[in-house]
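Residues per chain are reported as follows:
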Amino acid sequence: MEIEAKAAKGSGGVLKRIAGPVVTAVNIDAHMYDVVKVGHEELMGEVIKIQGNETIIQVYEDTSGIRPGEPVINTGLSLAVELGPGLLTSIYDGIQRPLSVLVSKMGDFIQRGVSAPGLDHQKKWEFKALVREGDTVLPGSIIGEVQETNIVHRILVPPNVAGGKVKSIRSGSFTIEEVICTLDSGTGLTMMQKWPVRVPRPVTEKMNPTIPLITGQRILDGLFPIAKGGTAAIPGPFGSGKTVTQQQLAKWSDAEIVVYIGCGERGNEMTEVLTEFPELEDPKTGKPLMERTVLIANTSNMPVAAREASVYTGITIAEYFRDMGYDVSLMADSTSRWAEAMREISSRLEEMPGEEGYPAYLAARLSEFYERAGRVKTLSGRDGSVSVIGAVSPPGGDFSEPVTQNTLRIVKVFWALDAKLSQRRHFPAINWLNSYSLYLDTLHDWYDKEVSPEWNVLRAWAMEVLQKEAELQEIVQLVGSDALPEAEQVTIEVARMIREIFLQQNAYDPVDTFCDMSKQYDMMKTIRSFADHAYAAQVAGVTPQQIIGIQSKNDLPQIKFIKDYRPELERIKNAMDSEFTRLRSSV
Amino acid sequence: MKEYRTISKIAGPLVFVEKTEPVGYGELVNLALFDGSIKRGQVLDTSDQLVVVQVFETTAGIGKDTGVRFLGETIKMPVGREMLGRILSGGGKPIDGGPEIVPEKRLDITGAAINPYARASPEEFIQTGISTIDGTNTLVRGQKLPIFSGAGLPHNNIALQIARQAKALGSKEEFAVVFAAMGITKEEANHFMQDFERTGALERAVVFLNLADDPAVERIITPRLALTTAEYLAFDLGMHVLVILTDMTNYCEALRQIGAAREEVPGRRGYPGYMYTDLASIYERAGIIKGKKGSITQFPILTMPGDDITHPIPDLTGYITEGQIVVSRDLHRKGIYPPVNVLPSLSRLMNLGIGKEHTREDHKKVSDQLYAAYAEGNDLRGLVAIVGKDALSERDRMFLEFADLFENRFVRQGYNEDRTIFGTLDLGWDLLSALPVEQLVRIDRDLINKYHPKFRQQDAKAQG
Ligand SMILES: Nc1ncnc2c1ncn2[C@@H]1O[C@H](COP(=O)(O)OP(=O)(O)OP(=O)(O)O)[C@@H](O)[C@H]1O
Ligand SMILES: [Mg+2]
C-alpha cells in the first residue's frame, strides 16, 4: 500500500510488481496498447491490460534488477513503426530498432535501455516531386519518389492525414524530418510517416488473387502454387525444411519487396541471410537481393514481448510498400514462436487458458494477421499485394495442435513438410499427398496463357500418377513390386521419375536452386512423353524391366544442374525415342 | 543490508518473503540458516507485498527463523584465466581442493543475447574423426549440435571421442573445453574426469559438476555458469571453446519442478510453457562474433525419455539447435560403435563448412547419395521381413546390401579411430561403387568421373 500512497502524491505512475517480462504499474492513466517507459532506465513497454488502478505492461527488454517503486511514464502513443526511405536492406529487432545501430551503440551483445529510431533521421535522400502546386492530393496519394536502392521508394500522403490542395512542394536533397510538401490546410508532409503496428493500413478494395507468386521451386509453382496476395502455411517438425523453404522464397520469388521475419528462431540463420543476400542476384533485375529486402530478427533468446510485436512490425512495413503499388512477400519464421510468446504473456496475466495453454484469442490473432495479406487496389489506385507465408513449428511434428489447426482454417495454401521425406534427403520435403493449394482455379487462366495451355493438364496428370503410386505402394508393401500388373509397374517407375526429377530440388545447387516456369514445363513434358512411350511399349509387349532399364532416362536428373539445359534435353529425348523404337522392334 | 525474517511460506524450492523494501527482479538472495550456513537464491517475482525467492539448493533447514538478505545485484560469476584446469561445483565453487579463484571479471550469468548483426557465419570445418559426423553431419566451429541419446547408450564415449579428436584443419589456435555436468552419476562423472586426465585435456578444461545427489535446483544455474565462463574464454581471451552440457534432460526436469512449485499452468507433459525460450537462452549462447578471435561450439547431450524423439525435451532442443546427432539403440544392439543413426541426424550448418574451400568438392553430393541409398536400403528391410528377399527386384537387393555395408564399414569405427575427412569421403565412394553407376542420381557426372573408384582405376590404367 505504501507505494500506492506515494504514487498518489506524485504525478507519474509507479511500478508495483515485477515478474519477468510482465510488470504492474499503478497510477498511470493509460489506454490499451499505449507505449510506456518503465523504470529509471526507461525500458520500453506496452499496456496490455487495465484493471482498476492497475495497469499491466509487457516490457520489450529484460527486467532484471528493476524494483517496485520505480517510475513509469506513459507516452500516450501506440507502438508504431517509422516508414520512409531507409527501410530497405535494414535489419531490425521486433520493435524496429536497427540492429546495426545497436551494435554501434552498445557492442556485440544486446543490452537494454537503448533506444534507436527505425530510420536514419540525418541521412539526406534525393526527393523528386511528382505533383505540382495546386494539385489535389488525397490520403495515400503519391506525391513524389526517392531512388532508395534499385527500388523506387514512393512517398505517400499518410492514410490518416486529410488530403487537400498542394500549397508548396520541392524536389531536392532532404532528410526524412524536413517538410517537403505543405497542403493548403497547413499540414506539412515529410518523407517519413508513422503507423501503429496493430492497425491494418487502409486500402480502396481487396481484389481476387489471380496471378501466382512464382517462386522457382518446382513443387510449389508446379503443384501447389500460391497467388500474389495469398496466404500459405508451412508446418513441419524440426529440421524438415521450413527455414530453407522460406529463404528460398525470400530469394527467388518474383515479389518486388521481401519482408523476412525471424520470429523466435536462431541467430545464425539471420546472419546467414545477412551474409548471403547481398551476394545473390535477383534473377529478374540482376541486382543484389538485399536491396529489396527488409529483415526483422527477434531471435529465440531476445525478449519474448518484442517477439510478439515482431510480426506486427513486419506486416506493417509490408503493407506500406504494398501501398506504393508493389508486390510484397512476407515470410514469418516461425508463427509458432509468436503464438508461444502470446501464451507466455497470457499465462503471466493469469488469463483463463484455452487449448494447450494458448490464450482463447489465439485463433482471432492468427486470422487478423493473415487477413492483412491480399491483392488490393491501393488508396492511390494502383495494384499492390502482400503475400504472407508463415512457418509453423508443431510440437513433436503433430499437426493436430492448436497453432497448426487454427492456421489451416485461415490460409489457402498448405505445404506440409514431412520428416519421413527429409530423413531420406528428399528436398523440399513437402508431402505431395497432404499438401494443397486453393488457388488452382483462380490461377488456371494465368498458367494457360503464360506457360502453356498444356500445363494444367500436365499438372493434373502428375498429381494423378503420384496418387496412384501411393495406392500401389500399399500393395507393394504386402506382396512386393514384381506381383503388380505390368502397367502398374510402369506407373511406379513414372512416379519415381516425377519425384526424383521434378519434385526433388536442391536449394544448395547454384543452378537447381531456382527453376523458371519454362524449365519446369520442359521437365514435366519430358517425363510425360517418357510415360506415353512406356505405356505404349508395354502394351506392345515390352517388359517393365526393359522399360525401367532404358538408359537415356538416367541422364534426365542431370539437366537440373545444367543452366542451358535445352541441347542436353533434346539429346536425351532423341536417345529415349530411339531406345523405345529399338525395344519395340525387338518384341 | 537489511535482514528480513518475514518468510510466510515455503513450497518446494520457493520461499515467500513478506513486506520488504523494494527488491529488484532477478536479484541474488542470501538465506542465513540457524546453524550459520548460507543458502543462495534468486528473486522470481517482486512486489511491495511479497517477494518470491527461488532457492538454488534444498530448502531443508529453511524456516520462519531464517534471515533473508537481498544483495542488490543479479547473480554474477567471477571468471579468470586461472579457471582452466579447475573443477567447480554446479554452483561454481571450487571442489578440487585448490585455492579460491581470483577473478579478473565478474559477469552476469544470464548472458545478454548476441546481436544477430554482430555474429559471423560459422563455416570452419571441424574434423571429429568420426565418419557419421564428418562425412554426413559435418560440424562447424560455432555450431550447437546436440547428441540425442537414450539411457544406457554410449553417448558419453562419443562426446569424449569428439572432445579428444576435434580439430580444425591446419589450425593451431588456443582451445579450451568447458564441461558442465547436471545430475549425472558419480560414475559417469569419473568416466569423463579420467579421460580428461589421461589425455591431458584437463589442463585446458573448466569442469562444473552437479551430480545426481546434488540439489536439483542448482542445475538451473550450472549451464549458465559454464556458458558465462565459455564466453569469457572465447570472446575475452580469444579461445575456441567446446562446451559439453550433460545431461540436459536433468536440467529440464529441474525446470519442471520449479514450474510446478510456482503452480504455473503446465505445458506439454507438465513442462513449463516457456521451456523453449528458456532452452534457447542456453543454446543460443554459441557462435562466433565478427572481429573476435574465439568461438563457442556446443555439444549438449540429452537422454530421450523412452527413446522418444517427440518428447518435449529433444523436440524443443531440436527446434533450437543446428541439427542433432541421434544415437540408436538398434545399432547399439547390433554391436556397432558409434551407434549413430544418420537418418534422423542432421547438421544444418554442414553446407557452410564443406565443399571445395573447406573439405572437398564432392563432399555434399557424396553425403546426399549415401543418405539416399542407405534410407532406401533401410526401408527395404521392412519389406523383406514381410515378403522375403526373393520377392525383391535385382535393384532392391543391391540397396538392401548397401545398407548393411554402410552400417558395418561407414558407421562402425573404433573408439580411438581418428579418420581424416578424405579417408571418410573415399570410404563413401568405395561403398557407393557397390551400386550401379546409373543409380547414383544425386551426383553429377563430372564428380563421378573424377572420384568413382571404377573411373579412378581406369584413369590410373590409362596413365600407367
Ligand atoms: N530444399 C532443400 N534443399 C536442400 N536441403 C534442404 C532443403 N530444405 C531443407 N534442407 C536441409 O534440411 C535442413 C533443415 O532445414 P531447415 O533448417 O529449413 O528446417 P526447419 O524446418 O526450419 O527446422 P526448425 O523448425 O528446427 O527451424 C537444412 O539445413 C538442409 O540441410
Ligand atoms: Mg527453421
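Calculation criteria
Residues numbered from 1 in each chain as written. Chains lettered and ligands numbered in written order. Predicted model: local features only at pLDDT ≥ 70, side-chain atom pairs only at ≥ 80, totals over all residues. Heavy atoms only, no water. Near = heavy atom within 4 Å. Polar contact = N/O pair within 3.5 Å; in protein donor to acceptor, adjacent residues only side chain to side chain. Areas by Shrake-Rupley, 256 points an atom, 1.4 Å probe, with all protein chains shown as cover. Helix = DSSP H or I, 4+ residues; strand = E, 2+ residues; numbered from the N terminus. Nonpolar A, V, L, I, M, F, W, Y, C, P; charged D, E, K, R; others polar. Domains from an automatic or database assignment. Contact = heavy atoms within 4.5 Å. Buried area = accessible area lost by both parts, 1.4 Å probe. Salt bridge = Lys/Arg side-chain N within 4 Å of Asp/Glu carboxyl O. Phe/Tyr/Trp six-rings, centres within 6.5 Å; stacked < 30°, edge-to-face > 60°. Buried < 20%, exposed > 50% of the residue type's maximum accessible area, 1.4 Å probe, protein only. Lys NZ or Arg CZ within 6 Å of the ring centre and 35° of its normal.

Participant: Honestly, the site of ligand 1 in this entry has me stumped. Any pointers?
Facilitator: The local shell around ligand 1 holds 20 residues, among which G239, K242, T243, V244 and R266 of chain A are the closest. Residues lining ligand 1 come from chains A and B. In the environment of ligand 1, an oxygen atom lies 3.3 Å from a nitrogen or oxygen atom belonging to the backbone of S240 of chain A. Taking A507 of chain A, its main chain carries an N or O atom lying 3.1 Å from a nitrogen atom of ligand 1. In the complex, the protein chains occlude 95% of the 630 Å² of accessible area that ligand 1 would expose alone. Of all the elements, helix α4 (residues 242-252) of chain A adds the most residues to the shell around ligand 1, at three residues. Taken together, the residues of the shell around ligand 1 sort by class into eight nonpolar, eight polar and four charged.

Participant: Can you help me understand the domain arrangement of chain B in this one?
Facilitator: The accessible area lost on association of the parts is a frequent measure of interface size. All names here are of chain B. As assigned here, chain B comprises domain 1 (7-74), domain 2 (77-352) and domain 3 (363-463). Between domain 2 and domain 3, the C-alpha centre-to-centre distance is 33 Å. Each partner contributes to the interface: domain 2 provides 33 residues, whereas domain 3 provides 26 residues. Buried area between domain 2 and domain 3, summed over both chains or domains, comes out near 2,300 Å², and the portion from carbon and sulfur atoms is 53%. Here K167 and D418 are joined by a salt bridge, their closest N and O atoms 3.1 Å apart. Viewed at the interface, domain 3 and domain 2 are joined by 22 residue pairs in polar contact (both at pLDDT 80 or more). Ranked by residue count, the leading element in the side of domain 2 that touches domain 3 is helix α2 (residues 155-165), at five residues. A class-by-class count of the residues in the side of domain 2 that touches domain 3 yields twelve nonpolar, 16 polar and five charged.

Participant: Just to check I follow, could you spell out the interface of chain B and chain A for this structure?
Facilitator: Counting residues at the interface gives 80 residues for chain B and 75 residues for chain A. For the pairing of chain B and chain A, the buried interface totals around 6,500 Å² over both sides, and the portion due to carbon and sulfur atoms is 52%. Area buried by chain B at its contact with chain A is led by Y25, P116 and Y319 of chain B, which between them contribute 12% of it. There are seven salt bridges connecting chain B and chain A. A salt bridge links R445 of chain B to D555 of chain A; the nearest nitrogen and oxygen atoms lie 2.8 Å apart. Joining chain B to chain A, the criterion identifies 34 residue pairs in polar contact (both at pLDDT 80 or more). At the level of secondary structure, the elements contributing two or more residues to the side of chain B that touches chain A comprise β5 (38-47), β7 (67-74), β11 (119-120), α4 (222-236), α6 (275-283), α7 (312-320), α9 (350-353) and α10 (363-387) of chain B.

Participant: Help me out: how do you make sense of the packing of aromatic side chains in this one?
Facilitator: The relation between two aromatic rings is expressed through the spacing of the ring centres and the mutual angle of the planes. This model, assessed by the stated rule, comprises 23 aromatic pairs over all chains. Plain terms: the ring middles of W338 of chain A and F369 of chain A are 5.3 Å apart, the flat faces sit at 65 degrees to each other, and that makes the pair edge-to-face. With W338 of chain A in helix α7 (residues 335-348) and F369 of chain A in helix α8 (residues 362-371), this residue pair connects regions lying 31 residues apart in the sequence. One exposure class covers both W338 of chain A and F369 of chain A, and it is buried. Ring geometry for F369 of chain A versus Y370 of chain A: centroids 5.2 Å apart, planes at 65 degrees, classification edge-to-face. The buried category is assigned to Y370 of chain A, whose relative accessible area is 2%. Ring-pair connections join several aromatic residues into one group, and the members of that group are Y312, W338, F369 and Y370 of chain A. In this structure, R154 of chain A packs its charged tip against the face of Y326 of chain A, placed 4.7 Å from the ring centre. Of note, K365 of chain B hangs over the ring of F561 of chain A, and the distance from its end group to the ring centre comes to 4.4 Å.

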